[in-house]
Amino acid sequence: MLCRYVNSPPYQINKRKSMKRILVLCTGNSCRSQMAEGYLKKFSGDKAEVYSAGVETHGVNPKAIAVMKEDGVDISLHTSNNVNEYAGIMFDFVITVCDNAKERCPFFPSAAQKFHHNFPDPAKAKGTEKEVMNEFRKVRNMIKAYCKEFAEINL
């Protein structure tokens, strides 16, 4: 079963008690969760440790890297991680960014506040290269606005 970390002890010690831990969860940890991780890191500064994961791992999508770079956020060194890799971390916030991740991974640490927003999957965009990249930009901008508001309200 995925997400068995409901009562697991944390294996990482939070260096600063005031820092929050945020997990962004998506299906494949390739686009939406990667973009959200990048923006949450940008908008939270030193107020949060931000992680992203998927219920599967698909690798970081090069188009996601490109559109984030256009907006000044470098996610080129991010890796695609499975949620089970973070089994021992107690998160303050868990944000699911697609319905599939929310449905497939419903169990989170009881202390975590859960948030959900179903963003469109830009990796499923069809059309010319320009049309696909525009869809990536559209989703990027939606995620940016969501993350900025999340950080302002919750951190």
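The rules behind these values
Residues numbered from 1 in each chain as written. Predicted model: local features only at pLDDT ≥ 70, side-chain atom pairs only at ≥ 80, totals over all residues. Heavy atoms only, no water. Phe/Tyr/Trp six-rings, centres within 6.5 Å; stacked < 30°, edge-to-face > 60°. Buried < 20%, exposed > 50% of the residue type's maximum accessible area, 1.4 Å probe, protein only. Helix = DSSP H or I, 4+ residues; strand = E, 2+ residues; numbered from the N terminus. Contact = heavy atoms within 4.5 Å. Expected span 1.5 Å × (residues − 1).

Tallied over the entire structure, the rule returns 8 aromatic pairs. Between Tyr86 and Phe91, the aromatic rings sit 6.5 Å apart at their centres with planes inclined by 85°, giving edge-to-face as the arrangement. Using a relative accessible area of 12% as the deciding quantity, one classes Tyr86 as buried. Among the residues examined, Phe91 registers a relative accessible area of 2% and is labelled buried. In this structure an aromatic cluster arises from ring pairing among Tyr51, Tyr86 and Phe91.

The residue Val97 is located in the loop between β3 (93–96) and α3 (99–104) in this model. When its relative accessible area of 2% is taken as the criterion, Val97 is described as buried. For Val97 and Thr27, which are 70 residues apart along the polypeptide, the C-alpha to C-alpha distance reads 8.6 Å. Beyond its immediate stretch of four places on either side in the chain, Val97 contacts Val24, Leu25, Cys26, Arg32, Ser33, His117, Asn118 and Phe119.

We now examine helix α1 (residues 32–44). In this model, α1 (13 residues) spans 18 Å end to end at C-alpha, consistent with the 18 Å of a helix rising 1.5 Å per residue. The buried count for α1 comes to 10 of 13 residues, which makes it a mostly enclosed element. For α1, the complete set of buried residues consists of Arg32, Ser33, Gln34, Met35, Ala36, Glu37, Gly38, Tyr39, Leu40 and Ser44. On its buried side, α1 packs onto β1 (20–26), β2 (48–54), α2 (62–70), β3 and α4 (129–154). Backbone geometry just after α1 places Gly45 at a positive phi near 55°.

With that settled, the discussion passes to unusual backbone geometry. The backbone of Asn29 sits at a positive phi, close to 50°, despite the residue not being glycine. On the secondary structure map, Asn29 appears in the loop between β1 and α1. Accessibility expressed as a relative area gives 0% for Asn29, which makes it buried.

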